[in-house]
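# Geometric and topological summary
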Amino acid sequence: MKDFHELLRTRRSTRRYTDEEISPEDVKCIMEAALMAPSSKRSLSWEFVLVEDTAMLERLSVCKEHGAKLIAGAKLAVVVLGDPTKSDVWIEDASIAATLIQLQAEEAGLGSCWVQIRSRFDENGESAEDNVRELLNIPLPMQVLAIIALGHKGEEKTPFDLEKAAWEKVHIGQW
Ligand SMILES: Cc1cc2nc3c(=O)[nH]c(=O)nc-3n(C[C@H](O)[C@H](O)[C@H](O)COP(=O)(O)O)c2cc1C
């Protein structure tokens, strides 16, 4: 197990994956992390669809014009959904769960990448969310926030350089 700060430093978006399968134990551990995510008023406003089927991963990879192709090479896609009838802050709830999925994956030695779906469109101007909804039979009122693509790392990424941390974003006392 990595030191947590080191884990944060080494987690980089991984967009290339090897052919190695993700073990069921790792999938379980990653989803346990998601299910432990804090949510406003403990609304548990998120839901998740796990996709491992290669043909479906291919179809998801063209759900939007830019930034989704990498899903085709992933071993697992976790589609992160939120229910606005359960929480007015479902985006925050779902975003935290998605982040925990990425961090738990890193701890398991896996690579991951967030693929934004909400407010994104395909090359014909169709909503990426509607495309995913149709492919996976996702009912309303569920909303699709993002897809977290996962797999064993097929590329090396340099850890975050703390010398380049944007400390100018941090305001002390007042703006
Ligand atoms: C809200 C959000 C949306 C993102 N959407 C995409 C995406 O659609 N496709 C993609 O390849 N990466 C996406 N990313 C990954 C970012 O590009 C990446 O986190 C950023 O460039 C910093 O790089 P790093 O994750 O390696 O530190 C997204 C990240 C976040 C937080």
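Scroll up to find the structure this text is about.
Definitions and limits used
Residues numbered from 1 in each chain as written. Predicted model: local features only at pLDDT ≥ 70, side-chain atom pairs only at ≥ 80, totals over all residues. Heavy atoms only, no water. Axes fitted to C-alpha atoms, helices over the stretch in contact; angles between N-to-C directions. Helix = DSSP H or I, 4+ residues; strand = E, 2+ residues; numbered from the N terminus. Left-handed = near helix turned anticlockwise from the far one by under 90°. Contact = heavy atoms within 4.5 Å. Nonpolar A, V, L, I, M, F, W, Y, C, P; charged D, E, K, R; others polar. Buried < 20%, exposed > 50% of the residue type's maximum accessible area, 1.4 Å probe, protein only. Near = heavy atom within 4 Å. Polar contact = N/O pair within 3.5 Å; in protein donor to acceptor, adjacent residues only side chain to side chain. Areas by Shrake-Rupley, 256 points an atom, 1.4 Å probe, with all protein chains shown as cover. Salt bridge = Lys/Arg side-chain N within 4 Å of Asp/Glu carboxyl O. Pairing = 2+ DSSP bridges.

Viewed as axis vectors pointing N to C, helix α2 (residues 24–35) and helix α4 (residues 90–107) meet at an angle of 145°, and their least axial separation amounts to 8 Å. Once α2 is placed against α4, the crossing between them reads as right-handed. Note on element contacts: α4 touches α2 through Ala97, Leu100, Ile101, Gln104 and Ala105, opposite Cys29, Ile30, Ala33 and Ala34. In the contact of α2 with α4, the residues fall into eight nonpolar, one polar and no charged.

With that settled, consider unusual backbone geometry. The step from Leu140 to Pro141 runs through a cis peptide bond, and the omega angle for that step is 10°. Positionally, Pro141 belongs in the loop between α5 (128–136) and β4 (143–152). Backbone geometry places Ser119, a non-glycine residue, at a positive phi of 65°. Tracing the chain through its elements places Ser119 in the loop between β3 (110–116) and α5. Phi is positive for Asn137, which is not a glycine, with a value near 55°. Note on placement: Asn137 falls in the loop between α5 and β4. Classification of Asn137 by relative accessible area gives exposed; the value is 66%.

Here we take up the site of the ligand. In the region of the ligand, the neighbouring residues are Arg11, Arg12, Ser13, Arg15, Lys64, Gly67, Leu70, Cys113, Trp114, Val115 and Gln116. In the environment of the ligand, an oxygen atom lies 2.9 Å from a nitrogen or oxygen atom belonging to the side chain of Arg11. Separating an oxygen atom of the ligand from a side-chain N or O atom of Arg12 is a distance of 2.8 Å. Within the complex, the protein chains bury 59% of what would otherwise be the 620 Å² of accessible surface of the ligand. Here the residues of the shell around the ligand are counted per class, giving four nonpolar, three polar and four charged.

Across all of its chains, the model carries seven salt bridges by this definition. With a closest N to O distance of 3.2 Å, Glu6 and Arg9 form a salt bridge. With Glu6 and Arg9 both in helix α1 (residues 4–10) and three residues apart, the pair spans about one turn of that helix. Given the relative accessible area of 32%, Glu6 is considered partly exposed. Between Lys86 and Asp83 there is a salt bridge whose closest N-O contact spans 3.9 Å. Owing to a relative accessible area of 46%, Lys86 belongs among the partly exposed residues under this scheme. Since its relative accessible area comes to 8%, Asp83 is described here as buried.

It is worth spelling out the sheet that holds strand β2 (residues 76–82) at this point. Sheet architecture is open: four strands sit in the order β1-β2-β4-β3, paired in antiparallel fashion. Edge strands, defined here as strands with exactly one partner in the open sheet, are β1 (46–51) and β3. Across the sheet, the mean angle from the axis of one strand to that of its neighbour is 20°, orientation sign disregarded. Pairing of β1 with β2, which is carried by six bridges, proceeds in the antiparallel orientation. Looking at β2, one finds that Glu47 is bridged to Leu81.

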